[in-house]
Amino acid sequence: MLDFVQQLVSGIALGCVYGLIALGFVLVYKATEVVNFAQGDLMMLGGFFAFTFIGMLGLNYWLGFAGAVAAMALFGMLAERVVVRPILGYPQFSIIMATIGLGYFLRSVVGMIWGTDDFKIETPFSDGVLRIGSLVLAYDKLSVIAATIILCALLYLFFNRTTLGTAMRASSENMLAAYYMGIPVKRVVSIVWAISAAVATAAGVLLAPITFIHSNVGLVLGLKAFPAAVLGGFGSIPGAVVGGVLIGVIESMAGFYLPQGWKDVAPYIVLLAVLLLKPEGLFGVHMRKKV
Amino acid sequence: MRFMFKTDYEDDIKLFPHSGYIVTYGVLLAFLLIAPFVLSSYIVSQLVFVFIYATVGVGLMILTGFTGQASLGHAAFLAIGAYSAAYLQQFNVPFPVYFLVGGLLTGVVGAMVGFPALRLQGIYLVIATISFAFIVEEILARWESVTHGNEGMRVKALQLLGTTVSRDSPSFYFLCLAVLFLTILGTLNLLRSPTGRAFVAIRDSETAARSMGVNVSLYKVKSFAISAAITGFAGVLFAHKLSFISPEMFTLQLSIEFIIVILIGGAFSPHGAVLGAIFIVMIDPFLTYLKDDLPGIIAGIFATFGADSVTASKIYSNVAAIASANGLKGAIYGVIIVLFVLFEPLGLYGRWLKIKLFFQLFPLYKRATFKRQKIYVKSERNR
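Residues numbered from 1 in each chain as written. Chains lettered and ligands numbered in written order. Predicted model: local features only at pLDDT ≥ 70, side-chain atom pairs only at ≥ 80, totals over all residues. Heavy atoms only, no water.

## Quick look at the overall build of chain A
Each helix and strand counted, chain A has eleven helices and two strands in total. Along its sequence from the N terminus, chain A presents helices and strands in the succession α-α-α-α-β-β-α-α-α-α-α-α-α. Computed over the C-alpha atoms, the radius of gyration of chain A is 19 Å, within 12% of the 19 Å expected from 2.2 N^0.38 for a compact globule of 291 residues. With respect to the principal axes defined by its C-alpha atoms, chain A has extents near 60 × 50 × 35 Å. Relative to its full complement of 291 residues, chain A shows a buried share of 57%. Relative to all contacts within chain A whose residues are 6 or more apart in sequence, the contacts with residues 24 or more apart total 74%. About 11,700 Å² of surface is accessible on chain A, with carbon and sulfur atoms providing 69% of the total. Once the 17 positive and 13 negative side-chain charges of chain A are each reduced to a mean point, those two points are 13 Å apart. (Helix = DSSP H or I, 4+ residues; strand = E, 2+ residues; numbered from the N terminus. Rg over C-alpha atoms; globule rule 2.2 N^0.38 Å. Buried < 20%, exposed > 50% of the residue type's maximum accessible area, 1.4 Å probe, protein only. Contact = heavy atoms within 4.5 Å. Areas by Shrake-Rupley, 256 points an atom, 1.4 Å probe, with all protein chains shown as cover. Lys, Arg positive; Asp, Glu negative; His and termini not counted. Charge placed at Lys NZ, Arg CZ, Asp CG, Glu CD.)

## Overview of the interface of chain B and chain A
Every contact between the two is made by 50 residues of chain B and, on the other side, 56 residues of chain A. Taken together, the two surfaces of chain B and chain A that pack against each other cover about 4,800 Å², and 70% of this comes from carbon and sulfur. Counting every contact that joins chain B to chain A gives zero salt bridges. For the pair chain B and chain A, the number of links is two residue pairs in polar contact (both at pLDDT 80 or more). For the side of chain B that touches chain A, the secondary-structure elements that each account for two or more residues are α6 (122-142), α12 (252-265) and α15 (328-343) of chain B. For the side of chain B that touches chain A, the class distribution of residues is 30 nonpolar, eleven polar and nine charged. (Buried area = accessible area lost by both parts, 1.4 Å probe. Salt bridge = Lys/Arg side-chain N within 4 Å of Asp/Glu carboxyl O. Polar contact = N/O pair within 3.5 Å; in protein donor to acceptor, adjacent residues only side chain to side chain. Nonpolar A, V, L, I, M, F, W, Y, C, P; charged D, E, K, R; others polar.)

## Notes on the environment of G235(B)
All names here are of chain B. Mapped onto the elements, G235 comes out in helix α11 (residues 216-242). Owing to a relative accessible area of 0%, G235 belongs among the buried residues under this scheme. Along the backbone, G235 and N318 are 83 residues apart, and their C-alpha atoms lie at a distance of 41 Å. Discounting chain neighbours no more than four positions away, the residues touching G235 are L78, G81 and A82.

## So, the pattern of salt bridges
All names here are of chain B. This structure, assessed with the given rule, holds nine salt bridges over all chains. For R351, the salt bridge identified is with E344, shortest N-O distance 2.8 Å. Members of the salt-bridge network, linked through shared partners, are E206, R210 and K220.

## Quick word on the packing of helix α9 (residues 217-232) of chain A against helix α10 (residues 237-257) of chain A
Residues and elements named next belong to chain A. At their nearest, the axes of α9 and α10 sit 7 Å apart, and the two run at 125° to each other. With respect to their mutual orientation, α9 and α10 come out oblique. Considering how the two elements wind past one another, α9 and α10 form a crossing that is right-handed. Facing K224, P227, A228, L231 and G232 of α9, the residues of α10 in contact are G239, A240, G243, G244, L246, I247 and E251. (Axes fitted to C-alpha atoms, helices over the stretch in contact; angles between N-to-C directions. Parallel < 35°, antiparallel > 145°, perpendicular 65-115°, else oblique. Left-handed = near helix turned anticlockwise from the far one by under 90°.)

## Some points on unusual backbone geometry
All names here are of chain B. The backbone of N92 shows a phi angle near 55°, a positive value even though the residue is not glycine. Relative to the elements of secondary structure, N92 occurs in the loop between α4 (74-89) and α5 (95-117). A positive phi is found at S243, a non-glycine position, where the angle reads about 60°. Structurally, the position occupied by S243 is in the loop between α11 and β4 (244-245). What makes S243 buried here is its relative accessible area of 16%.

## Looking at the pairing of strand β2 (residues 135-138) of chain A
For a regular strand, side chains alternate in direction, first toward one face of the sheet and then toward the other. Burial of β2(A) is one-sided: the residues L135(A) and L137(A) facing one way are buried, the residues V136(A) and A138(A) facing the other way are not. In this structure, the hairpin formed by strand β1 (residues 129-132) of chain A and β2(A) is closed by a connection of two residues, where G133(A) is found at a positive phi of approximately 60°. (Pairing = 2+ DSSP bridges.)

## Let's talk about the packing of helix α8 (residues 170-192) of chain B against helix α9 (residues 194-204) of chain B
Residue and element names in this part refer to chain B. Here α8 crosses α9 at 75°, and the two axes come no closer than 4 Å. On the basis of the axis angle, α8 is roughly perpendicular to α9. For the pair α8 and α9, the contacting residues are L190, L191 and R192 in the first and P194, T195, G196, R197 and F199 in the second. Looking at the contact of α8 with α9, its residues break down into four nonpolar, two polar and two charged.

## As for the confidence of the model for chain A
Put simply, chain A has an average pLDDT of 81, and 95% of its residues get 70 or more. Highest mean pLDDT in chain A belongs to helix α3 (residues 61-84) of chain A (88); lowest belongs to β1(A) (72). (pLDDT = per-residue confidence, 0-100.)

## Looking at the confidence of the model for chain B
Close inspection of predicted coordinates is inappropriate in any region flagged by low pLDDT. Residues and elements named next belong to chain B. A residue-level look at chain B finds 95% of positions with pLDDT of 70 or above and a mean pLDDT of 82. Least confident of the elements in chain B is helix α14 (residues 309-323), whose mean pLDDT is 73; most confident is α11, at 90. Interface predicted TM-score (ipTM) for the complex: 0.81; the corresponding pTM is 0.86.

## Re the packing of aromatic side chains
Two aromatic rings are characterised by how far apart their centres lie and by the angle between their planes. The tally for this structure, following the rule as stated, stands at 22 aromatic pairs over all chains. Arranged with centres 5.4 Å apart and planes meeting at 40°, the rings of F77(B) and F132(B) form a pair that is tilted. Of the two residues, F77(B) is situated in helix α4 and F132(B) in helix α6; the sequence distance between them amounts to 55 residues. Each member of the pair, F77(B) as well as F132(B), carries the same accessibility label: buried. These aromatic residues form a ring-pair network of at least three members: F37(B), F51(B), Y173(B) and F174(B). One residue, R107(A), lies across the ring of Y104(A), its end atom 5.4 Å from the ring centre. (Phe/Tyr/Trp six-rings, centres within 6.5 Å; stacked < 30°, edge-to-face > 60°. Lys NZ or Arg CZ within 6 Å of the ring centre and 35° of its normal.)

## Re the nonpolar core
Note that soluble globular proteins tend to have their nonpolar side chains buried in a common cluster. With 195 residues, the main nonpolar core has L23(A), F37(A), F234(A), Y53(B), Y173(B), I245(B) and F250(B) as its most contacted residues. Not counting the four nearest positions on each side in its chain, L23(A) is found in contact with C152(A), L155(A), V199(A), I237(A), A240(A) and V241(A). Membership of the second largest hydrophobic core comes to ten residues, among which are I62(B), F199(B), V216(B) and Y219(B). (Core = buried A, V, L, I, M, F, W, Y, C linked by side-chain atoms within 4.5 Å.)

## Describing the state of the cysteines
Residue and element names in this part refer to chain A. Using the criterion set out here, one finds zero disulfides over all chains in the structure. You can see C152 has no disulfide; the closest cysteine sulfur is in C16, sitting 7.8 Å from it. Residue classification places C152 among the buried positions, given a relative accessible area of 14%. (Disulfide = S-S within 2.5 Å.)

## Some details on the environment of E257(B)
Residue and element names in this part refer to chain B. Mapping E257 onto the fold places it in helix α12. A sequence separation of 100 residues divides E257 from L357, and the C-alpha atoms of the two residues are 30 Å apart. If we ignore the near neighbours within four places in the chain, the residues touching E257 are Y53, I280 and Y333.

This is the structure:
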């Protein structure tokens, strides 16, 4: 039983990281119908920025965190401007390919600049543990869970309570109509990319104590975040986090209770099953096409 | 320029629109037939890879280019073809038999993937095919009694008509060329047939196709099966060419490379698959060339513009460091993909068509002919 709870908590913590990356997908998808295959790589780049600020320049953790988030928000806008804006509105496949290309580029360039070693960021929560009876919970895992909850709440409020959030939802529903209503769609898209890159950076920095940061971490985790986003139903913010947590728990449990090899495929098997039974995901809304 | 007057539908779907095509392709084919006897063995070996990649490219083109179903799982189909060949070879099954079995088995698996894919659209389909590829990769690594797991499998030279055909011999080259040739011919004929027209109809508008009486589900599954079968045939050849296969060869990376083949070549014509295959096979030798010669060239350019020898040698070592960095290939891939998507979504073949049209219409060519219309789509979610 104790093992089970232990696995559950570490699964949830890992799942929260997947959820945060999936949040990035969902934010961009919600606003622009673009699926950003480079989301994991944005997370990786954010982690490296934080590593540079904290590990190499010796800044305070929180200062470095904020600096990395700000730098990545700018980078997100830049990436949107250069790669995505010219093809906004074209078939999804083109955009998927463009973002795959962007991911390739980021991964290689990071490998060329920082090298292909593993890096670790020292955080205030690196060492401590919380003991409840005989249950041992590491602070770094708890910090990830707490940060995810806070970020989700903020984003949920942002989308449903602010004008900008409403503008984003409007431009996702019908870009042309949004233009007609006076929404500056291009700027909205830019801001969405900034937010999603910032969220990805937060995920990257929170992840750093759990797994090391290296240039391929974005690909590995990004590919786990897809099932998370799909499970939750692409386009649903709570769905992304719930999906992420589910994937994390499934992976963690499969690693503990099932024979070797199941750990890596279990999320995908669950994903395929969900896609077969409920293609729109757990929280997705099924819409009918009007002809 | 040549004016072509089409008077009926038969003219529109002819395999060769006019006799010029027969001459051009005849010359190309003749050149390819004498190639192994005149070109160096290295180039011939690269050409074999071009043929195999182009075959996969044509297979993927049927699915992605003509039926509009994206797939990032074709490495898995290639793996199934390769592994079934390697497995059957152990029992001394003759080549023609395991060649056919490899392709057909992959086709059956493709149809099985096609059924669940019926309900999926766009991004969901991409992710489903990625998941399928991951599961296949894991099965290959774990099902040790058949696949030998991560140790990989050795593939013996193939036996055909009582002779051994080694992977570097001209005979193997001709075999691959024949497979590519038949694949392209078959595909062109498929696209002229009702099935091919149904594929295109589904790509352009599923709703419209359905209302025209096209059985969308049936044709989608067919498209998956045909595409997978072609990839499976290529997989058998791939296994023989490499003579050793292991699960880590058939990763997502390879699937992405196949997509790059049709993306860079152009997804709507077999020409595109061939051009894309040439591109993807040639990028490695090209990068090696860059690594060896680029620093010298750049330092030379600086030297001719008056840089002193110290600066020149500094430039040389800096460029050499960048050119030999590990990630260079990935970075170049990334940049090329992005540039093609942004500026030439029709690929190299599309570019060629534009150049051709420019000369055909010479003084009258208008830049706006191929200009993309800015489009603001309604949500694809409502599809």
